[in-house]
Amino acid sequence: MKKLIINILFMTIILAALGLTACSSNNEWDNASFDETQSLSYAAQIWEVAEEAPASTPHPQSGGADQVGFEDIAGQGQRHIIQTASVDMETEYFEKAVSGLRAVAAYFDGYIEREELTARGWRMFTIVLRIPTDSFDEAMSQIGGIADIRTSFQWAQDVTEQFYDMVGSLEVRRIEEDRLLALLDEAQTISEILALEQRLSNTRLSIEMYLSQLNTMAGQIAYSTINVTLFDIFEEEVIVINPTLGDRIGGAFGDSARGSLTAFQDVIVFLAGAIIPIILLSTLGLAAYKITRVSIRRREAR
């Protein structure tokens, strides 16, 4: 009877310790699983742009829009639309794509207004194409086949009323110029001549301003603007290094040492967490043992 009670007490202590170990193991497994399933966000690509990169020389064909005067489109009897597009692209065949973008301007009888190559870090090529408005949609379609498009935006601005308002203001200033010239021929005093020349100077300044604005607008209407930014992407080369026998032995020894240290630390952590329940269970077991022993002695004494 005495041995049976002692065995029961020991079994209780062992089962309690195993239960604590299982709980600890389950918690560690849950934490490990959670850590493994966490996802990290990485930037797919980083584009570095030089702040003071030198601007490239315009293409020899540039100047098409500058040759368009507002008189060339003023009498067409149609609405005047300024079309603009912005395209971001990427490709693994950077040089080929750059050549293709440059060729678009010549193919559609347009020109390159500006281009710039940034080669600091990953390469980036920006180009501003001026394409005849009638070929705008076709040019956009051809550009889309040169590289993979990231983003593409198009917008149109109707400037018909603004255009003809400035044309009317220009005609008024020209009439005013003719009248001032006539009055200047008839002026007899120096004060009249000076006043008329001042008004004539202001009128001619206004005429030049309107002419400049109208010709610029005419160029934007006749030649649409396409801004293209091309990014160079490439597959990162992975270098595989075959470890030597010494490296493998050193790695295995290091793994063994780290594993042993981890196991020892786990035992210490377990004992620190289970010491209080073990003491309590041992105390209860000892008290139960003494009570049982006293009861047995009393029975034997009878």
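Residues numbered from 1 in each chain as written. Predicted model: local features only at pLDDT ≥ 70, side-chain atom pairs only at ≥ 80, totals over all residues. Heavy atoms only, no water.

1. A short note on the overall build of the protein
Thought 1: Broken down by element type, the protein carries seven helices and five strands.
Thought 2: Helices and strands appear in the protein in the N-to-C order α-α-β-α-β-β-α-β-α-α-β-α.
Thought 3: Scored against the burial criterion, the 302 residues of the protein give a buried share of 27%.
Thought 4: About 21100 Å² of surface is accessible on the protein, with carbon and sulfur atoms providing 56% of the total. (Helix = DSSP H or I, 4+ residues; strand = E, 2+ residues; numbered from the N terminus. Buried < 20%, exposed > 50% of the residue type's maximum accessible area, 1.4 Å probe, protein only. Areas by Shrake-Rupley, 256 points an atom, 1.4 Å probe, with all protein chains shown as cover.)

2. Description of the sheet that holds strand 4 (residues 148–158)
Thought 1: As summarised here, the arrangement of the five strands in space is 2-3-5-1-4, forming an open sheet in which the pairing is mixed. Of all strands in the sheet, those bounded by a partner on one side alone are strand 2 (111–118) and strand 4. Neighbour to neighbour, the strand axes of the sheet diverge by 10° on average, direction disregarded.
Thought 2: Pairing geometry for strand 2 and strand 3 (residues 124–132), over seven bridges, is antiparallel. Paired with Tyr-111 across the strands is Arg-130, a residue of strand 3. (Pairing = 2+ DSSP bridges. Axes fitted to C-alpha atoms, helices over the stretch in contact; angles between N-to-C directions.)

3. Quick word on helix 3 (residues 94–107)
Thought 1: With 14 residues, helix 3 ought to run about 20 Å at 1.5 Å a step, and its terminal C-alpha atoms sit 20 Å apart, in line with that.
Thought 2: Looking at helix 3, one finds that the buried residues are Phe-94, Ala-97, Val-98, Gly-100, Leu-101, Val-104 and Ala-105. An end-on view of helix 3 places all buried positions within 160° of arc, on one side of the element. In helix 3, the exposed residues that point more than 90 degrees away from the buried face are Lys-96 and Tyr-107.
Thought 3: At its buried positions, helix 3 is contacted by strand 1 (81–91), strand 2, strand 3, helix 4 (136–144) and strand 5 (223–232).
Thought 4: A positive backbone phi angle near 60° is found at Asp-109, which sits one or two residues after helix 3. (Expected span 1.5 Å × (residues − 1). Arc of directions from axis to C-beta. Contact = heavy atoms within 4.5 Å.)

4. A closer look at unusual backbone geometry
Thought 1: Positioned with a positive phi, Asp-109 is a non-glycine residue whose angle comes to about 60°.
Thought 2: Among the structural elements, Asp-109 can be located in the loop between helix 3 and strand 2.
Thought 3: The class for Asp-109 is exposed, based on a relative accessible area of 62%.

5. A closer look at the confidence of the model for the protein
Thought 1: Predicted confidence across the protein gives a mean pLDDT of 75, with 73% of residues reaching 70 or more.
Thought 2: Averaged pLDDT values for the elements of the protein fall to 43 in helix 1 (residues 2–37) and rise to 96 in strand 5.
Thought 3: Every residue in residues 1–10 is under pLDDT 50, and counting partners more than four places away or in other chains gives nine contacts.
Thought 4: A low-confidence stretch, residues 12–62 (pLDDT under 50), is modelled with 40 contacts involving residues beyond four sequence positions or located in other chains. (pLDDT = per-residue confidence, 0-100.)

6. Topic: a nonpolar patch on the surface
Thought 1: Together, Ile-275, Ile-276, Ile-279 and Leu-280 make up an exposed nonpolar region whose accessible area comes to about 390 Å².
Thought 2: Positionally, Leu-280 belongs in helix 7 (residues 245–301).
Thought 3: Under the relative-accessibility criterion, Leu-280 is labelled exposed at 52%. (Patch = residues over 30% accessible without salt bridge, like charges linked within 9 Å, V, L, I, M, F, W, Y side chains within 5 Å. Salt bridge = Lys/Arg side-chain N within 4 Å of Asp/Glu carboxyl O.)

7. What to know about the nonpolar core
Thought 1: Judged by nonpolar contacts, the single largest core of 23 residues is most densely connected at Leu-129, Ile-143, Ile-226 and Leu-230.
Thought 2: Per element, the largest residue contribution to this core is six residues, and it comes from helix 3.
Thought 3: Once you skip the residues sitting within four places of it in the chain, Leu-129 turns out to touch Leu-101, Val-104, Ala-105, Tyr-111, Ile-112, Ile-143, Ser-224, Thr-225 and Ile-226.
Thought 4: If you look at the next biggest cluster of nonpolar residues, it comprises 14 residues, including Val-159, Met-166, Leu-170 and Ala-218. (Core = buried A, V, L, I, M, F, W, Y, C linked by side-chain atoms within 4.5 Å.)

8. A word on the packing of aromatic side chains
Remark: the centre distance and the inter-plane angle together describe each pair of aromatic rings, the angle taken between the planes.
Thought 1: One pass over the full model with this rule turns up three aromatic pairs.
Thought 2: Both rings, one in Tyr-107 and one in Phe-108, keep their centres 4.8 Å apart while their planes meet at 85°; by these two values the pair is edge-to-face.
Thought 3: Looking at Tyr-107, the relative accessible area reads 56%, which means it is exposed.
Thought 4: For Phe-108, a relative accessible area of 6% puts it in the buried group.
Thought 5: Their ring planes at 90° and their centres at 5.2 Å tell us that Phe-163 and Tyr-164 sit as a pair that is edge-to-face. (Phe/Tyr/Trp six-rings, centres within 6.5 Å; stacked < 30°, edge-to-face > 60°.)

9. Let's talk about the side chain of Ser-224
Thought 1: Within the element layout of this structure, Ser-224 appears in strand 5.
Thought 2: In this structure the side chain of Ser-224 is engaged in a polar contact, spanning 3.5 Å, whose partner is the side chain of Thr-133. (Polar contact = N/O pair within 3.5 Å; in protein donor to acceptor, adjacent residues only side chain to side chain.)

10. What to know about the packing of helix 5 (residues 160–186) against helix 6 (residues 190–222)
Thought 1: Across the interface, helix 5 lies against helix 6 with an axial gap of 9 Å and an inter-helix angle of 155°. The orientation of helix 5 relative to helix 6 falls into the category roughly antiparallel. Note on packing geometry: the crossing formed by helix 5 with helix 6 is left-handed.
Thought 2: Each residue belonging to the contact of helix 5 with helix 6 can be placed in one class, and the counts come to 17 nonpolar, five polar and seven charged. (Parallel < 35°, antiparallel > 145°, perpendicular 65-115°, else oblique. Left-handed = near helix turned anticlockwise from the far one by under 90°. Nonpolar A, V, L, I, M, F, W, Y, C, P; charged D, E, K, R; others polar.)

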